[in-house]
Structure formats: C-alpha cells, structure tokens
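# Geometric and topological summary
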Amino acid sequence: MEQLVFYLFATIAVVAGLVVVLQRKAIYSALALIVCFGSIAVLFYQLGAFFIAAIQVIVYAGAIMVMFLFVVMLIDPESEFFSFNRIRRVSVLALPMSAVLALILLWAMPVLRESDTNSQSLAQKGSIEVIARSLFSDYLLPFEVTSILILVAVLGAMVLAKKVD
Amino acid sequence: MEYAIDVGKVLFWFSSIMGLASILTWMERKQSAVMQDRIGANRADIFGFRILGLFHIIADSIKMFTKQDFVPAQGNRILHTVAPMIALFFALVGFAAVPFGGTYEIAGYTVSLQVLDLNVGLLFVFAMMSMGIYGFVLGGWASANNYALLGGLRASGQMISYEITMGATVIGTIMVYGTLSLQQMNIAQGELLFGWIPAWGILLQPLGCILFVTAALAETKRVPFDVPEGESEIIGYFVEYSGMRFGMFFLTDFIETVLAAVLTTTLFFGGWQVPYLYAGGFEFPWGGSFELPVVAVMLLQVGAFMAKVFTLCFIFLLIRWTLPRFRWDQLMRLGWTIMLPLSILNIVVTGVVLLIVGN
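This is a predicted model, so every value here is computed, not measured.

## Brief notes about the overall build of chain B
Looking only at helices and strands, chain B features eleven helices and seven strands. Its C-alpha radius of gyration of 22 Å places chain B within 12% of the 21 Å reference for a compact globule of 359 residues. Dimensions of chain B, computed from C-alpha atoms along their principal axes, come out at roughly 70 × 55 × 45 Å. Going through the 359 residues of chain B one by one, you find that 54% of them count as buried. Long-range pairs, those at least 24 residues apart, make up 77% of the contacts in chain B between residues at least 6 apart in sequence. If you sum the accessible surface of chain B, you get close to 16100 Å²; carbon and sulfur atoms cover 71% of it. Across chain B, the 18 positively charged side chains and the 22 negatively charged ones have centroids separated by 12 Å.

Structure representation (structure tokens):
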C-alpha cells in the first residue's frame, strides 16, 4: 500500500514536472507546478516529515504559486512577455544549467543513500522539534541573516512598485 | 472492528459538518428574517408540514441539481468544472485534523475521536486552507468574465492577507500550549489555572482570540468581508456559475463558516473540554465529585463541542447581519496596518509573559 502510494505520487510529480516544461500555455504550466509541489509534499509525508510536508504545501504550493498564478492571469497570454522568441534566448542557458543540476543530483545520490538506511532517523530529522532546535542553535546566524535578506527584498519590492512623485 | 470505528468516525464527522453547513443555509435566511422583523423562508412544505421552513434545505438542493449547468463560450471548460470542486474539497479536508472528542476506552477498544491524528495538525488545516484559494481564483479566471476575474483576484488578495494575520495570531496559542497538535492543545485546555479556572485559549490569549475570529471571518468571504463576492456590485468569482456548481461555491462559504467556528472552538474555547469533567466524571475544585460512565463522558464532551461550534456559528451569522461591509482599501488597511502589528505584539507579549512565568 505504502509502495503503491509512493509510485503513484512519484509518477504524478514527474509527469507534472514534464508538463511544466513542455506546456506552451503558461497557466497550465503554473497549475502543473502546483500539482508537482503537492505530490512532493505527499512524499515528504510518507517519509514521516509531517512538518516539511505541511510547510511545502503552505509556502510553495500555497503562497508562492498564488503569486505566479496572479502574474499569469493578469498578463495577456498573447503578449510579448510569453513570446517564444523571448523564451528561446533564455533557453540557451537551460541546457548547461540542467546539466549542472543533474551532476549535483548524481553526486548527492550515493551520499543520501548511505544516510537513509535508517529511515527512523530520517523521520526524526523532519520533525518540528529537531528542525526548530537546529534552526535556533546551530544555524542561528544563517537563519537570522536570511530573514534580514528577505526583509530587504520585501522593502526593495515596495520601493520599486511604488511610484516616487 | 478497528475499521468499523474508523469508518464510523469519518461518517459521523463528515455528516455533522455537512448537516451543520446545510442547516446554516436555512439559519442564514431565518435568522436574518427574525433580525429584520420579517417571517422568512416558510413556503416549502411536505403534506402541509412546514417545520419552520426547514424543508427549504431540500427544496434548495433539488433546485440546484436540476438547474441548467452553464459554461461561458469563451471560458475554459475544464478549469470552470474543476474550480468549485477544488474549493469544496479543500474546505472539507481541513476538518480531518480537528478532534471532536478525546480518547476513550470503551469495551476494550481505544476510541480516539479524531480522523487524522497529526503532530502538526494545525499546520495541516492551514495548508488545506491555503490550497482552497485556487478554487476561487481559477473559478474567476476560467469564466472569461472581467467581473469574475476581479472577484477571483480580490478573493486571493483578501485570503492571503488575512491568512498571514491568522498564522501570526495562532503562534501565541502554540507558544502557550507548546504544541502544534490540535488534540494536545485540547488536552492542555483541560488543565486548571490557580486550581479552578479552566485554561481555555480565550483566557490565556484574549487578544489572539479576537484577532483570530476576525481573520477567520475574513477567510469565509462573507459580510462584512464580502468584497470578493460583492453581491451588490461585481457579484464575484461565481458570476458565471449556475446549478450545482454554483451550489458548491455557495456551500463552501458555509463550510468555511463551520471551519472557522470549529477552529475557534478548538483553539480558544476548550474544544471538547467541559470544565471539571475528567475521564471518570466530574471533579469539582471545591470538593465533591460525580462519577459517570465512559460513554456518558464521551457523549457529554462531543455534545459540548457541537454546542460550542453551533453557538459560534450563530454569533458569526449575527455579525454577518449586523455589520455593513468594508470597502476594499478599508479591508486591506485593517488587515495589514492594524491586525498584523497587533498579532505580532501578541507574540512578543506572550513570549515575555511566558519567560517571566517560566522563571
């Protein structure tokens, strides 16, 4: 049963990921990305990382994708913004970047496989207590720096969006 | 037997929610009628019996099912169909993590009256609520109608704004009870302060309670927060919907009202706790006790939960028929410049108090 659920949602995640890339209409790409995030959240849930699963849905599938959908809906799909020529110029970068990502994954897989032999420890790593403890003790400085970075980004967006008279 | 308990739990909880939501559709009409000195819905009858117009629930659903189902010619047929389903599904799924009773030992079986016992139950409910937004946004977009799109955008803008306040408000409650599990929170609310006051959320987090109820009402998108629907101006994201698809959006509003009431009960009004009622019966702090069998305790606690939820729904309807609606800019100003700072203040004050009390 557990295996069945895993393969079902892994397949959905992969197919949805492909749809994101291959679909010409931006709105379907955005929707497929939401489905992809959702099915990855199910995989996190299966691993026992309930907190990460919930955060995956709230932050990625919920908050961030709503913003994506906003932009896609408000911009005319026929407009220059989504035109194929414009995207083709960027797509030159796609191959090297995907290659780098694939290399990172290939390098990381054996490392991860060694560490996940004990799935009990994996489940514990995803629990809210463990994450909170490491965030607020071992990684306190990076955590706070990141929050300041996000604050600066928010302020920057406000300044850019508001017209200065 | 284990399966039977599980199925029974799900059926009971699901039918309670759907039943309460459909009773609310009738209550909305009847209560507003009483408040405005009218008679209200009373025409639907079966063999002359009217029972205060309660048959209107059945009449309405028959009407919804038999009406023409319309998709705009320019609209997106698939998304137009799926959107109300998304809205209804995620509104209902959120209830799974909410306990409607404690854990009881009955005839050798352990019965835990919660469908999905999750140690991050509160986050699960929030996750499902944030997914529910897509139903309204897609419904507005797929209708190929500018008013519907405007309604969908307003809905998502409003829900995101108030979800932030809601999340920030709940942090105070999480700090006080030290858990994200809704069942653990309910158990913690059974304890007594100073030996006699029940440790309910409303007493420990009075400001948090007010902010949470306000934000939860905004999430339901009903008056005074009905800008996304705006029946007297843009009609909103469901302007191009008819038949049962409109019915789903309509029902979702009421299910969200029930969800707001259920969450408020769970977080701030002790959930299924009855003051001084423990597993063995009543034990009063001034001495004296009253023994009760387990089944009676269970029925009392589930009954108390339902009574609290129903009372809150009643109050929410009162608010809906009392207050005029906000303008869009007033709504945003209330959310971002009043409620969000107040909820952050609530976190700080709670933290300081917890530090002092803890030492």
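## Looking at the overall build of chain A
A tally of helices and strands in chain A yields eight helices and zero strands. Secondary structure elements of chain A, listed N to C terminal, follow the sequence α-α-α-α-α-α-α-α. The buried share of chain A, reckoned over its 165 residues, is 19%. When the accessible area of chain A is evaluated, it comes to approximately 12300 Å², of which 74% is carbon and sulfur surface.

## Side note on the interface of chain B and chain A
Each side of the interface is counted separately: chain B has 22 residues, and chain A has 21 residues. Connecting chain B to chain A are zero salt bridges. Where chain B packs against chain A, one counts four residue pairs in polar contact (both at pLDDT 80 or more). Those elements that provide at least two residues to the side of chain B that touches chain A are α4 (121-142) and α5 (146-177) of chain B. With ten residues, the top contributor of residues to the side of chain B that touches chain A is α4(B). Classifying every residue of the side of chain B that touches chain A gives 17 nonpolar, five polar and no charged.

## Points about the packing of aromatic side chains
All names here are of chain B. Throughout the structure, instances matching the rule amount to 25 aromatic pairs over all chains. With centroids separated by 5.4 Å and ring planes inclined at 55 degrees, the aromatic side chains of Phe 212 and Phe 268 adopt a geometry described as tilted. Of this pair, Phe 212 sits in helix α8 (residues 206-219) while Phe 268 is found in helix α9 (residues 243-268), placing the two residues 56 residues apart along the sequence. Exposure remark for Phe 268: the relative accessible area of 0% places this residue in the buried category. Taking 5.6 Å as the distance between ring centres and 5 degrees as the angle between the ring planes, the aromatic pair formed by Phe 282 and Phe 284 counts as stacked.

## Examining the environment of B:Leu118
Considering the arrangement of structural elements, one finds B:Leu118 in the loop between β2 (109-112) and α4. Since its relative accessible area comes to 5%, B:Leu118 is described here as buried. Residue contacts for B:Leu118: discarding those within four places in its chain leaves A:Tyr45, A:Phe50, B:Phe124 and B:Ser181.

## Quick word on the confidence of the model for chain A
Averaged over every residue, the pLDDT of chain A is 83; residues scoring 70 or more account for 83%. Taking the mean pLDDT of every element in chain A, the minimum, 61, falls on helix α6 (residues 119-125) of chain A and the maximum, 92, on helix α8 (residues 140-161) of chain A.

## Some words on the confidence of the model for chain B
Per-residue pLDDT for chain B averages 89, and the proportion of residues at 70 or more is 100%. For this predicted complex, the interface confidence comes out at an ipTM of 0.84, alongside a pTM of 0.90.

## As for the side chain of B:Asn145
All names here are of chain B. Looking at the secondary structure, you find Asn 145 in the loop between α4 and α5. The exposure class of Asn 145 is buried, given its relative accessible area of 16%. A distance of 2.8 Å separates the side chain of Asn 145 from the side chain of Glu 240, its partner in a polar contact. Setting aside its immediate chain neighbours within four residues, Asn 145 contacts Gly 140, Val 239 and Glu 240.

## A closer look at the pairing of strand β1 (residues 103-106) of chain B
Across a regular strand the side chains alternate sides, sitting on one face of the sheet and then on the other. Residues and elements named next belong to chain B. The pairing of β1 with β2 spans four bridges and is classified as antiparallel. Bridge pairing in β2 places Ile 106 opposite Tyr 109. Hairpin connection from β1 to β2: two residues lie between these consecutive antiparallel strands, with Ala 107 at a positive phi of about 50 degrees.

## Examining the environment of B:Leu342
Residues and elements named next belong to chain B. Here Leu 342 is to be found in helix α11 (residues 328-358). Classification of Leu 342 by relative accessible area gives partly exposed; the value is 31%. Sequence separation between Leu 342 and Thr 214 is 128 residues, and the spatial gap between their C-alpha atoms is 12 Å. Ignoring sequence-local partners within four residues, the contact set of Leu 342 consists of Leu 207 and Leu 211.

## Observations regarding α11(B)
Residue and element names in this part refer to chain B. Compared with an ideal rise of 1.5 Å per residue, which puts 31 residues at 45 Å, α11 spans 43 Å between its outermost C-alpha atoms and is within 8% of the ideal. At Met 339, α11 shows its maximal kink, close to 35 degrees; a proline, Pro 341, follows between one and four residues later. Those residues of α11 not exposed but buried are Leu 331, Met 332, Leu 334, Gly 335, Met 339, Leu 340, Ser 343, Asn 346, Thr 350 and Gly 351. Its buried side turned inward, α11 meets α5 and α8.

Conventions used here
- Residues numbered from 1 in each chain as written.
- Chains lettered and ligands numbered in written order.
- Predicted model: local features only at pLDDT ≥ 70, side-chain atom pairs only at ≥ 80, totals over all residues.
- Heavy atoms only, no water.
- Helix = DSSP H or I, 4+ residues; strand = E, 2+ residues; numbered from the N terminus.
- Rg over C-alpha atoms; globule rule 2.2 N^0.38 Å.
- Buried < 20%, exposed > 50% of the residue type's maximum accessible area, 1.4 Å probe, protein only.
- Contact = heavy atoms within 4.5 Å.
- Areas by Shrake-Rupley, 256 points an atom, 1.4 Å probe, with all protein chains shown as cover.
- Lys, Arg positive; Asp, Glu negative; His and termini not counted.
- Charge placed at Lys NZ, Arg CZ, Asp CG, Glu CD.
- Salt bridge = Lys/Arg side-chain N within 4 Å of Asp/Glu carboxyl O.
- Polar contact = N/O pair within 3.5 Å; in protein donor to acceptor, adjacent residues only side chain to side chain.
- Nonpolar A, V, L, I, M, F, W, Y, C, P; charged D, E, K, R; others polar.
- Phe/Tyr/Trp six-rings, centres within 6.5 Å; stacked < 30°, edge-to-face > 60°.
- pLDDT = per-residue confidence, 0-100.
- Pairing = 2+ DSSP bridges.
- Expected span 1.5 Å × (residues − 1).
- Bend = angle between axes of the 7 residues up to and from the residue.

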